[in-house]
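Observations on the three-dimensional arrangement
Here are the chains, one letter per residue:
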Amino acid sequence: MPYRTIISPEALAERIGEPDVIVVDCRHALADFALGRRLYDESHVPGAFFAAVEEDLAGAKTGANGRHPLPNPERFAHFLRALGVDDATQLVAYDAGGDMFAPRLWFLARWIGHDAVAILDGGFTAWVAHGYPVTAAVSESTREGNLTIRLHPEYLVDAEYVREHLEDPAMQLVDVRARERYTGEVETIDPVAGHIPGAANRWFKENFGPEGRLKSPHALRAEFERAGLEPKRTVHQCGSGVSAAVSHLAMEHAGLEGSRVYGGSWSEWVADPSRPIARGDEG
């Protein structure tokens, strides 16, 4: 059975090196775009390839489509094929642990139709804590994969959809940024502070336990249900569509299927001054 949400360090250690398992290091920092590559060059999971979040996991910026636009599907599929990814490949993404970048690759892979993808639970931190081997050797692919694109546009909504449904109960918009950014008290990245009117707030970090591992399906389901979130109505958004993937992953892990992501998120929303914004606390 393929892993479709998370894979434990123990399970990955048993399969590391198998030809049908491909591991991708997605470590990154929004304040230091070069950090991920430096960390990879220092040490990484043996055989892991490196994904540059700003280039490999995002598309071209136009000034109106947010900080991390979705990559062109064919371009992203080409990136995976260059690593040797086939339709039957078990793809595993990891970041530092309890972070947003491995879930970004997870979401993109599913978006283009590759469901056999999981994040390493607890990330590189958990891998090292278990005493598993690391290497500084740069991985090189020996073959081109034959990954097929089967695009799932239904996993996403755009700015027009959000605007048309601002007061529609058919959409439950959830802003997964930190609360102080949601309320508009602090804005460290984007040019405008606040949030999309009507959005609730649930920080993406709430999906993780204290060791950076995803909470259990039971715990996550209980939290989402207490918040009154119904997956088929839920739209996750963040600053640029990256951390929103964490909450989408968490819902899927909890067995709550059908939520969507607003890909452009806040950074795209505020690029058009005609779009309404709100500040303060809406719950």
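Below is a summary of the structure that appears in this document. (Residues numbered from 1 in each chain as written. Predicted model: local features only at pLDDT ≥ 70, side-chain atom pairs only at ≥ 80, totals over all residues. Heavy atoms only, no water.)

Some thoughts on empty space enclosed by the protein
Worth spelling out the cut-off: Of the two site types, the cavity is a set of points on a 1 Å grid over the protein atoms alone where a 1.4 Å probe fits but cannot get out, and the pocket is an open set with protein on both sides within 12 Å along at least five of seven lines, each lined by residues with an atom within 4 Å of a point. Grid points are joined across faces, edges and corners, and a volume is the space filled by probe spheres set on the points. Note on conventions: DSSP H or I runs of at least 4 residues are helices, E runs of at least 2 residues are strands, and numbering of each starts at the N terminus. Polarity classes work like this: nonpolar for Ala, Val, Leu, Ile, Met, Phe, Trp, Tyr, Cys and Pro, charged for Asp, Glu, Lys and Arg, and polar for all others, with Gly in that last group.
Tallied over the full model, the rule gives one cavity of 30 Å³ or more. Along the walls of the largest cavity sit Asp-95, Gly-97, Gly-98, Asp-99, Ala-102, Pro-103, Ile-119, Leu-120, Gly-122, Gly-123, Phe-208 and Gly-212, which together make up its complete lining. Taken together, the elements giving at least two residues each to the lining of the largest cavity come down to helix H5 (101-111) and strand S5 (117-120). Here the residues of the lining of the largest cavity are counted per class, giving five nonpolar, five polar and two charged.

Some thoughts on the pairing of strand S9 (residues 234-237)
Residues in a regular strand point their side chains to alternate faces of the sheet. Note the following rule: The buried label goes to any residue with under 20% of its type's maximum accessible area, the exposed label to any with over 50%, and the partly exposed label to all in between, with areas taken from a 1.4 Å probe on protein chains only. Only strands that DSSP links by at least two bridges are regarded as paired with each other. A clockwise course of the path from the first strand over the helix to the second, judged with the strands pointing away from the viewer, identifies a crossover as right-handed.
Along S9, one buried face is formed by Thr-234 and His-236 and the opposite face, lined by Val-235 and Gln-237, is buried too. Here strand S7 (residues 172-175) pairs with S9 via four bridges, running parallel. Among the inter-strand pairings, Leu-173 is bridged to a residue of S9, identified as Val-235. Across two bridges, the pairing between S9 and strand S10 (residues 260-262) is parallel. Looking across to S10, one finds that Val-235 is bridged to Arg-260. What joins S9 to S10 is helix H10 (residues 244-253), and the crossover it makes is right-handed.

Digging into the packing of helix H9 (residues 217-226) against H10
Applied cut-off: Think of each axis as a best-fit line through the C-alpha atoms, taken over the contacting stretch in the case of a helix, with angles from 0 to 180 degrees between the N-to-C directions. For classification purposes, angles smaller than 35 degrees are called roughly parallel, those larger than 145 roughly antiparallel, those between 65 and 115 roughly perpendicular, and all remaining angles oblique. Here is the rule for handedness: rotate from the far helix to the near one, and if that takes an anticlockwise turn smaller than a right angle the crossing is left-handed, while a clockwise turn gives right-handed. Note on definitions: a residue-residue contact is assigned when non-hydrogen atoms from the two residues lie within 4.5 Å.
Interhelical geometry of H9 versus H10 gives an angle of 110° and a closest axis separation of 8 Å. When the interaxial angle is binned, H9 and H10 end up roughly perpendicular. You can see that H9 and H10 cross each other, and the crossing is left-handed. For the pair formed by H9 and H10, the contact residues are Pro-217, Leu-220 and Phe-224 on the first element and Ser-247, Ala-250, Met-251 and His-253 on the second. Looking at the contact of H9 with H10, its residues break down into five nonpolar, two polar and no charged.

Things to note about the sheet that holds strand S1 (residues 6-7)
Two pairing modes exist for strands in a sheet, parallel and antiparallel, and in both the strands are linked by backbone hydrogen bonds. Taking strand neighbours across the sheet as the criterion, the five strands line up as S1-S5-S4-S2-S3 in an open arrangement whose pairing is parallel. Sheet topology places S1 and strand S3 (49-50) at the edges, where each strand pairs with a single neighbour. The sheet contact formed by strand S2 (residues 21-25) and S3 spans two bridges and is parallel. Its bridge partner being in S3, Asp-25 is matched across the sheet by Phe-50.

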